[in-house]
Structures are given as structure tokens and as C-alpha cells.
Amino acid sequence: MGSEGGGSLVVVPRNFRLLEELERGEKGIGDGTVSYGMDDADDIYMRSWTGTIIGPHNTVHEGRIYQLKLFCDKDYPDNPPTACFQTRINMTCVNQETGAVEPSMFPMLANWRREYTMEDILIGLKKEMSAPQNRKLHQPLDGSDDHNIEQKGLVLRCSIL
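Quick look at the structure, then. (Residues numbered from 1 in each chain as written. Predicted model: local features only at pLDDT ≥ 70, side-chain atom pairs only at ≥ 80, totals over all residues. Heavy atoms only, no water.)

### Considerations on the packing of aromatic side chains
Aromatic ring pairs are described here by two measures, namely the spacing of the ring centres and the angle between the planes.
Next up, step 1: Summed over all chains, the structure comprises 4 aromatic pairs.
Next up, step 2: Here Tyr 76 and Trp 112 contribute two aromatic rings whose centre-to-centre distance is 6.1 Å and whose plane-to-plane angle is 45°, an arrangement assigned as tilted. In this pair, Tyr 76 sits in the loop between strand S3 (65-71) and strand S4 (82-85) while Trp 112 sits in the loop between helix H2 (107-110) and helix H3 (118-130), placing the two residues 36 residues apart along the sequence. For the pair Tyr 76 and Trp 112, one class covers both residues: buried.
Next up, step 3: For the ring pair Trp 112 and Tyr 116, a centre distance of 5.5 Å and an interplane angle of 80° mean the geometry is edge-to-face.
Next up, step 4: Judged by relative accessible area, which is 13%, Trp 112 ranks as buried. (Phe/Tyr/Trp six-rings, centres within 6.5 Å; stacked < 30°, edge-to-face > 60°. Helix = DSSP H or I, 4+ residues; strand = E, 2+ residues; numbered from the N terminus. Buried < 20%, exposed > 50% of the residue type's maximum accessible area, 1.4 Å probe, protein only.)

### A closer look at the nonpolar core
Next up, step 1: In terms of nonpolar packing, the biggest core is built from 28 residues, with Trp 49, Phe 85, Met 91, Val 101 and Leu 125 touching the most fellow members.
Next up, step 2: Among the elements of the structure, helix H1 (14-27), strand S1 (34-38), strand S2 (48-54), S3, S4 and H3 are those that each provide at least two residues to this core.
Next up, step 3: It is H3 that provides the largest number of residues to this core, a total of 5 residues. (Core = buried A, V, L, I, M, F, W, Y, C linked by side-chain atoms within 4.5 Å.)

Pasting the structure below:
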């Protein structure tokens, strides 16, 4: 019989947690409108990730594909990753100059909990696109990705400290 009441909390090490997230991301999530994966399979620290969100129906985001960079520092998942849109987007929680998701304007990052995942962030951002304050905001024209995106691939435009 196991002990009840004051059970101890098992803390999953960072790399195991990230491996779980990688496996889940590779399998696909829910309805397929949100996905994520590692940028570099050789990155043993598993820091740099790319996320994709397909804009929700009945919003100005419908039919658009948004790419984000997610950066998990050494203190992830105790602290949130940074999230930065690579595709231009107009949302109240996104810095219009850098594309960075502002933690003070996005409650999930502001009130981060260790059990949250990158998947949760992407789903939360997709929900935020449907929120009344964002669903009808004028958006940059299609094809107007950030000027830092070159034909050879994405160039990170968020500064990661």
C-alpha cells in the first residue's frame, strides 16, 4: 500500500521533459492546426524550436500560416521559453517591431507554471487570435513576412539573452 496524503512530487529532468515534448510534437497535435519541432536535431541542449499555427476560422487570421521561434533556456520548464513570431502578425500580445510575444500581455507566459508546455503556448496563442481584441485586427498583407526571412531559411529576429 502506498502512502497517501503527503505524497512527494516527482520533478522530471529538463532533457526528459523536452524529449517528451519533441515526441509529442512529431506525432502531431489535435486537429493539425498547431505543430512544433526542434530547429537543429544536433542541438544536445534542445533550446531552439519552431512552431507553426494555422489561423483559426472566422477571424482575420483564417487561412494564414504563422511561424514562431521558441527558445527554451537552461531553466525551462521552471521558466517559460521566449516566443517570437517570424511571420508578421498584428495581435495585442505581440511586439510589432520584434514579433516577440510579450509575457506581460500574454497571461500564460506571465503566470507560467512548470506543467505548461510549448504546445500549450501555441494553442494559447491560437485562442488569443480568436479573442475579441484580436479577431478583427487589420493584418499585414499575405506574403509580408519579416524582412529578415531570406530564401535560404528563417533568421531569428528576437534577441535571446
